[in-house]
Amino acid sequence: MDPRSCDILQATTSDDGRDISLHNTLSPDALRTGAREVHFIKLRPEPITPDNLATNVLVTSVVDSPLHSLYYTVHKVYMPTLLQGAAWKGQVDQGMQQLL
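Residues numbered from 1 in each chain as written. Predicted model: local features only at pLDDT ≥ 70, side-chain atom pairs only at ≥ 80, totals over all residues. Heavy atoms only, no water.

A. Representation of the sheet that holds strand 2 (residues 20–23). In spatial order, the strands read 2-1-3-4; together these four strands make up an open sheet with antiparallel pairing. Looking at strand neighbours, the two that pair on one side only are strand 2 and strand 4 (57–63), the edges of this open sheet. Pairs of neighbouring strands in the sheet enclose a mean axial angle of 15°, with direction left out of account. (Pairing = 2+ DSSP bridges. Helix = DSSP H or I, 4+ residues; strand = E, 2+ residues; numbered from the N terminus. Axes fitted to C-alpha atoms, helices over the stretch in contact; angles between N-to-C directions.)

Written out as structure tokens, the structure reads:
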């Protein structure tokens, strides 16, 4: 992920979980039902170093299906953080609260 133009690393497993395939472009068709996938997303166009790894790389995963993973990530991570976290109190408008 060092080149400025590389902003994602996609890792998918084989059906038996023994092999890992890496792609530096998003391959939406690589994910099959029941497969597991991890994305390393570079947030800024700069080389990754030990000093900026924690602030420049977002790690996400997909288990079973993208919709299933998105649903649980929103409802188990982001919704409680945005609606109950002290740092966000009062910053999320009513429409967004209802959507979440």
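B. Molecular detail of the packing of aromatic side chains. With the rule as written, the count across this model stands at one aromatic pair. Between the aromatic rings of Tyr71 and Tyr72, the centroid separation amounts to 5.0 Å while the plane-to-plane angle is 85°, which identifies the pairing as edge-to-face. Assessed through its relative accessible area of 39%, Tyr72 is described here as partly exposed. (Phe/Tyr/Trp six-rings, centres within 6.5 Å; stacked < 30°, edge-to-face > 60°. Buried < 20%, exposed > 50% of the residue type's maximum accessible area, 1.4 Å probe, protein only.)

C. Spotlight on the confidence of the model for the protein. Taken over all residues, the pLDDT of the protein has a mean of 84, while the share at 70 or more is 91%. Across the protein, helix 1 (residues 53–56) holds the top mean pLDDT of 94, while helix 3 (residues 94–99) sits lowest at 81. (pLDDT = per-residue confidence, 0-100.)

D. Inspection of the environment of Arg4 at higher detail. One can find Arg4 in the segment before strand 1 (8–13). Taking C-alpha positions, Arg4 is 9.6 Å from Ile48, a pair spaced 44 residues apart along the chain. Not counting residues within four places of it along the chain, the set of residues in contact with Arg4 comprises Lys42 and Pro45. (Contact = heavy atoms within 4.5 Å.)

E. Molecular detail of the layout of surface pockets. Within this model, the largest pocket holds a volume of roughly 350 Å³. If you go around the largest pocket, you meet 17 residues; those closest to its centre are His39, Thr60, Ser61, Val62 and Pro66. Listed by contribution, the elements that provide at least two residues to the lining of the largest pocket are strand 3 (36–42), strand 4 and helix 2 (66–84). (1 Å grid on protein atoms, 1.4 Å probe; cavity = no way out; pocket = protein on both sides within 12 Å on 5 of 7 lines; lining within 4 Å. Points joined across faces, edges and corners; volume = space filled by probe spheres on them.)

F. Expanded view of the side chain of Lys42. Its place among the elements puts Lys42 in strand 3. Looking at Lys42, its side chain comes within polar contact range of the main-chain oxygen of Cys6, at 3.0 Å. (Polar contact = N/O pair within 3.5 Å; in protein donor to acceptor, adjacent residues only side chain to side chain.)

G. Quick look at the pairing of strand 2. Here strand 1 runs beside strand 2; their pairing, made up of four bridges, is antiparallel. From the neighbouring strand, Thr12 faces strand 2, where its bridge partner is Ser21. The turn joining strand 1 and strand 2, which pair antiparallel and follow one another in sequence, is formed by six residues; a positive phi near 80° is taken by Gly17.

H. Geometry of the environment of Ile41. Its place among the elements puts Ile41 in strand 3. Using a relative accessible area of 25% as the deciding quantity, one classes Ile41 as partly exposed. Between the C-alpha atoms of Ile41 and Ile8, which are 33 residues apart in sequence, the distance is 4.5 Å.

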